[in-house]
Structure formats: structure tokens, C-alpha cells
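Residue strings, one per chain:
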Amino acid sequence: QKHGYINEFEFVDDHRAGKIVVELNGRLNKCGVISPRYDLASGELEQWVGRLLPSRLFGFIVITTAQGIMDHEEARRKKTGGKVVGF
């Protein structure tokens, strides 16, 4: 939502791992979901950016952390890791 790509999202509790339903606003060229959600240490961010994004300066990796859901740039600033949700 902060970058203007998501209208709203909702957490659905299915009594298992849970699901996140995201409503997009149409500004995205490509998006993807990473399943299973791989663990990501703060030192591994650059490897994942190179693997998933078309360019280092273009796009975002969505990460879920103990501090909430954030993009890879915010996770780098906070020096935190988590699980990769999508890109």
C-alpha cells in the first residue's frame, strides 16, 4: 500500500497457516508468489534480489517478518530477515 500497488489486503484464517488475500490496483507488470515461503536472513537479501527481480533498482520483494509485512528495502534498513512471500 505504501508504494501504491495494493488497494487493500485481508488475512483469512483457515485454521492452518492462514492466507492473505490482496486486492491489486492494476499498476503491476508482473507479480509472483513464492511457495513454500523460504527463510531469508538479512545477509541474503542481495542474492534474492538478483534471483527474483529484473533489476536491482526495479521491483520489490515482499517479506513477512516478526515486525510485520514489508518490502526488501525496508527489511534491509531494519536489518531483519523473515520469510519470502512474493515479488
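Please refer to the structure placed before this passage.
Student: I'd love a proper account of the pattern of salt bridges, names of residues and values included.
Tutor: Opposite charge on two side chains lets them pair, provided their charged atoms get close. Counting across every chain of the model gives three salt bridges. A salt bridge links Lys78 to Glu74; the nearest nitrogen and oxygen atoms lie 3.2 Å apart. With Lys78 and Glu74 both in helix H2 (residues 72–78) and four residues apart, this pair spans about one turn of that helix. Residue classification places Lys78 among the partly exposed residues on the basis of a relative accessible area of 41%.

Student: Hey, could you go over the nonpolar core for me, with residue numbers and the actual values?
Tutor: The biggest cluster of nonpolar side chains holds 12 residues, and these are Ile34, Leu40, Leu45, Trp48, Val49, Leu52, Leu53, Ile61, Ile63, Met70, Ala75 and Val84. It is helix H1 (residues 45–52) that provides the largest number of residues to this core, a total of four residues. Among residues more than four places away in sequence, those in contact with Leu40 are Leu45, Trp48, Ile63, Gly81, Gly82 and Val84.

Student: Residue-level account of the environment of Ala75, with values.
Tutor: Residue placement: Ala75 occurs in helix H2. When the C-alpha positions of Ala75 and Thr64 are compared, they lie 9.4 Å apart, and in sequence the two are 11 residues distant. Once residues within four sequence positions are removed from consideration, Ala75 is found in contact with Leu45, Ile63, Met70 and Thr80.

Scoring rules and cut-offs
- Residues numbered from 1 in each chain as written.
- Predicted model: local features only at pLDDT ≥ 70, side-chain atom pairs only at ≥ 80, totals over all residues.
- Heavy atoms only, no water.
- Salt bridge = Lys/Arg side-chain N within 4 Å of Asp/Glu carboxyl O.
- Helix = DSSP H or I, 4+ residues; strand = E, 2+ residues; numbered from the N terminus.
- Buried < 20%, exposed > 50% of the residue type's maximum accessible area, 1.4 Å probe, protein only.
- Core = buried A, V, L, I, M, F, W, Y, C linked by side-chain atoms within 4.5 Å.
- Contact = heavy atoms within 4.5 Å.

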